[in-house]
Amino acid sequence: MSENQSPAGNQQTAAYDSAFLKACRREPVPHTPVWFMRQAGRSLPEYLKVREGIPMLESCMRPDLVAEITLQPVRRHGVDAAIYFSDIVVPLKAIGIDLDIKPGVGPVVEQPIRSRADLARLRDLTPDDVSYVTEAMGILTGELGATPLIGFAGAPFTLASYLVEGGPSRNHEHTKALMYGDPQLWADLLDRLAEITTAFLKVQIEAGASAVQLFDSWVGALAPVDYRRSVLPASRKVFDAVEGLGVPRIHFGVGTGELLGPLGEAGADVVGVDWRVPLDEAARRVGPGKALQGNLDPAVLFAPTAAVEAKTDEILDAAAGLEGHVFNLGHGVLPTTDADALTRLVEYVHTRTAR
Ligand code: CP3
C-alpha cells in the first residue's frame, strides 16, 4: 500500500496504524477501537438539517453531502472509523434497477426479480456507474487524516431478499420459494449479485476505503445447512475477490448465533456478532484466526448511563481473550437514540481499555 502515492493511497497509509485497523489485523492496540453501524444518517440534528427536502437516494449521489454526513459522527463522537454514507441498494439503482428508498419503510423494488428473464436486468456494474462514490471518497480521504474509512456493500443473500420480495420482508417467503424451488436460478442470481457487489467494493477500495464490510443483515433467517449450500458460495466469492487488496474484510449479519461457524468459513477477517451470543462464546463458534466486532444491544443505549456501562463492561470482559476486538453495537443505531449516549459510550470504551 505504501507504494500507492495517490491521495487515496496516502490516506490509506496514514490510517494503517489506527487502532481500528490494528484490531482488524489482530495486532496489539492502544485502546479498543469503537464505531457504530448506522452512525451516519440516523438522528443527529446536523444530519436531519443537511438532508432536509433531499430524498435518500439522491443524497447518496451528491458527493459533498455524502462527505459531510460521513464526517458528522466522527466529529461529534470521536469514533475510530468513518463509514461511508450510502445504502446497500445504491449499486442496484446504479445499474438501472427501478427501486426507491421509502422513508420509514426501506428499499422498494418496482418489479421484483423472480424469473430467468428478470435476471437479465442485473447487468455488470462499472466504476462510471458510481462516479459519485469515487468523487465523495476523494473528498473524504482529504479530510479524514488518519481516521480509516469503511466502505460497504450488501451481501448477495440480503440484496436478493430485497430484489425477490420487492421490499422489506419479515419471512422472506418469495426469496425462500425461489431458493428451494429453482436452485439453479437462485445460484445464478446470487452469483450475479456477488459480481456486482465485488465490483462495487473494488471501486471503494480503489477510491480510498481502508476496510470493507459486507452487510448480510437478514441471513439469520436461514438454517446452517441452507446457508452452507445456497448462500456461502456467493459470499465467499466476494471475499475471495477482494482478498489481497490490503484492506480487512468484515462480515456482519443479525440473528446469526447458529451461523457463526459457517460465516467464518466464508472468508472475512473480522466477523460481526449481534448481542445474542457473548463474544467469548462467539469466538469459539467462529474459530481461530479472526477478529470479532460487536456487540452491545442498541436498545441498551436507552437505559441510564450506569446500566450502559455495566453492559459494556460485560462485553469488554468477554472480549478480553479475543485475538482482536472492534467494539460496535450488535446492529445499527436505533433512530431515536440519544446522540450524547453514543459519545459517552465511545469515551467509556476508550478510557476503560487504554493500555
Ligand atoms: O452505517 C451508516 O451509518 C452508513 C449508512 C447506511 C445506510 N444504510 C443509510 C440509510 C448503511 C451502512 C446502510 C446499510 C443498510 N441498508 C442495511 C444493512 C445494515 C442494517 O441495518 O442491517 C440494510 C438492511 C439497508 C436497507 C435499508 N435502507 C433499510 C432497511 C432502510 C429503512 C430503515 C430506516 O432506517 O429508515 C434503509 C434506508 C436508509 N439507509 C436510511 C439511511 C440513512 C434512511 C433514509 C430515509 O428514510 O431518509
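Because the structure is predicted, anything quoted here is derived from the model rather than measured. (Residues numbered from 1 in each chain as written. Predicted model: local features only at pLDDT ≥ 70, side-chain atom pairs only at ≥ 80, totals over all residues. Heavy atoms only, no water.)

This paragraph deals with the overall build of the protein chain. Each helix and strand in the protein chain was counted, giving 17 helices and nine strands. Against the compact-globule benchmark of 20 Å for 355 residues, the protein chain has a radius of gyration of 19 Å, which places it among compact chains. Dimensions of the protein chain, computed from C-alpha atoms along their principal axes, come out at roughly 55 × 45 × 40 Å. Among the 355 residues that make up the protein chain, the fraction classed as buried is 57%. Partitioning the intrachain contacts of the protein chain with sequence separation of at least 6 by distance along the chain shows that 72% fall at a separation of at least 24. Total accessible area on the protein chain stands at roughly 14,100 Å², and carbon and sulfur atoms take up 52% of it. Taken as two groups, the 33 positive and 45 negative side-chain charges of the protein chain have centres that lie 3 Å from each other. (Helix = DSSP H or I, 4+ residues; strand = E, 2+ residues; numbered from the N terminus. Rg over C-alpha atoms; globule rule 2.2 N^0.38 Å. Buried < 20%, exposed > 50% of the residue type's maximum accessible area, 1.4 Å probe, protein only. Contact = heavy atoms within 4.5 Å. Areas by Shrake-Rupley, 256 points an atom, 1.4 Å probe, with all protein chains shown as cover. Lys, Arg positive; Asp, Glu negative; His and termini not counted. Charge placed at Lys NZ, Arg CZ, Asp CG, Glu CD.)

The next subject is the packing of aromatic side chains. Per the counting criterion, the structure on display carries four aromatic pairs. Arranged with centres 6.1 Å apart and planes meeting at 65°, the rings of phenylalanine 157 and tryptophan 186 form a pair that is edge-to-face. With phenylalanine 157 in helix 9 (residues 156-165) and tryptophan 186 in helix 11 (residues 183-207), this pair connects stretches of sequence that are 29 residues apart. For the pair formed by phenylalanine 157 and tryptophan 186, the shared burial category is buried. Look at phenylalanine 215 and phenylalanine 252: their rings are 6.1 Å apart centre to centre, the planes differ by 80°, and that puts the pair in the edge-to-face class. In this pair, phenylalanine 215 sits in strand 5 (residues 211-215) while phenylalanine 252 sits in strand 6 (residues 249-252), placing the two residues 37 residues apart along the sequence. (Phe/Tyr/Trp six-rings, centres within 6.5 Å; stacked < 30°, edge-to-face > 60°.)

Counting buried positions along helix 9 gives ten out of ten residues, so the element sits mostly inside the fold. Residues of helix 9 that are buried include every one of Pro156, Phe157, Thr158, Leu159, Ala160, Ser161, Tyr162, Leu163, Val164 and Glu165, and no others. Following helix 9 by one or two positions, glycine 166 has its phi on the positive side, about 90°.

Next up on the list: the site of the ligand. Taken together, 27 residues lie around the ligand, and Arg38, Ala40, Arg42, Ser217 and His331 are the ones closest in. One nitrogen or oxygen atom from the main chain of glutamine 39 is found 3.1 Å from an oxygen atom belonging to the ligand. For the ligand, whose free accessible area comes to 860 Å², the fraction covered by protein is 89%. Put simply, the parts of the chain that give the shell around the ligand at least two residues each are helix 3 (45-51) and strand 3 (106-109). (Near = heavy atom within 4 Å. Polar contact = N/O pair within 3.5 Å; in protein donor to acceptor, adjacent residues only side chain to side chain.)

Here we come to the UniProt feature "domain: Uroporphyrinogen decarboxylase (URO-D)" (unreviewed entry) in the protein chain. This chain's UniProt record puts "domain: Uroporphyrinogen decarboxylase (URO-D)" (unreviewed entry) on residues 33-42 and 150-166. Between the C-alpha atoms that bound residues 150-166 there is a distance of 28 Å. The span itself is 59% helix and 29% strand. (UniProt positions renumbered as here; feature names shortened; annotations may be inferred.)

Here we come to the nonpolar core. Core analysis: the biggest nonpolar cluster contains 126 residues, and Phe20, Leu122 and Leu189 have the highest contact counts within it. Tallying contributions element by element places helix 11 first for this core, with twelve residues. When near neighbours in sequence (up to four residues on either side) are disregarded, leucine 189 contacts Ile113, Leu119, Leu122, Ala160, Val164 and Leu178. (Core = buried A, V, L, I, M, F, W, Y, C linked by side-chain atoms within 4.5 Å.)

This part takes up the sheet that holds strand 5. With respect to topology, seven strands assemble into an open sheet ordered 1-4-5-6-7-8-9, the strand pairing being parallel. Edge positions in the sheet fall to strand 1 (82-83) and strand 9 (325-329), since each of these pairs with one other strand and no more. (Pairing = 2+ DSSP bridges.)

Attention now moves to the packing of helix 11 against helix 13 (residues 232-241). Packing of helix 11 against helix 13 leaves a shortest axis separation of 9 Å and a crossing angle of 25°. On the basis of their axis angle, the class for helix 11 and helix 13 is roughly parallel. Where helix 11 crosses over helix 13, the two elements pack in a sense that is right-handed. Between helix 11 and helix 13, the contacting residues are Leu190, Asp191, Ala194, Glu195, Thr197, Thr198, Leu201 and Lys202 on the first element and Ala234, Lys237, Val238 and Ala241 on the second. Residues that form the contact of helix 11 with helix 13 fall into these classes: six nonpolar, two polar and four charged. (Axes fitted to C-alpha atoms, helices over the stretch in contact; angles between N-to-C directions. Parallel < 35°, antiparallel > 145°, perpendicular 65-115°, else oblique. Left-handed = near helix turned anticlockwise from the far one by under 90°. Nonpolar A, V, L, I, M, F, W, Y, C, P; charged D, E, K, R; others polar.)

With that settled, consider the pattern of salt bridges. Should the charged atoms of two oppositely charged side chains come close, the side chains can pair. In the structure shown here, the tally under the stated rule is 22 salt bridges. Among the salt bridges present, the one from aspartate 191 reaches lysine 237, with a minimum N-O distance of 2.9 Å. Taken together, the residues aspartate 191 in helix 11 and lysine 237 in helix 13 connect sequence positions 46 residues apart. A salt bridge links aspartate 313 to arginine 352; its shortest N-O distance comes to 2.8 Å. Placement of aspartate 313 in helix 16 (residues 305-319) and of arginine 352 in helix 17 (residues 339-353) is noted, with a sequence separation of 39 residues between them. Since its relative accessible area comes to 36%, arginine 352 is described here as partly exposed. One salt-bridge network, held together by shared partners, links Asp124, Asp191, Arg192, Glu195 and Lys237. (Salt bridge = Lys/Arg side-chain N within 4 Å of Asp/Glu carboxyl O.)

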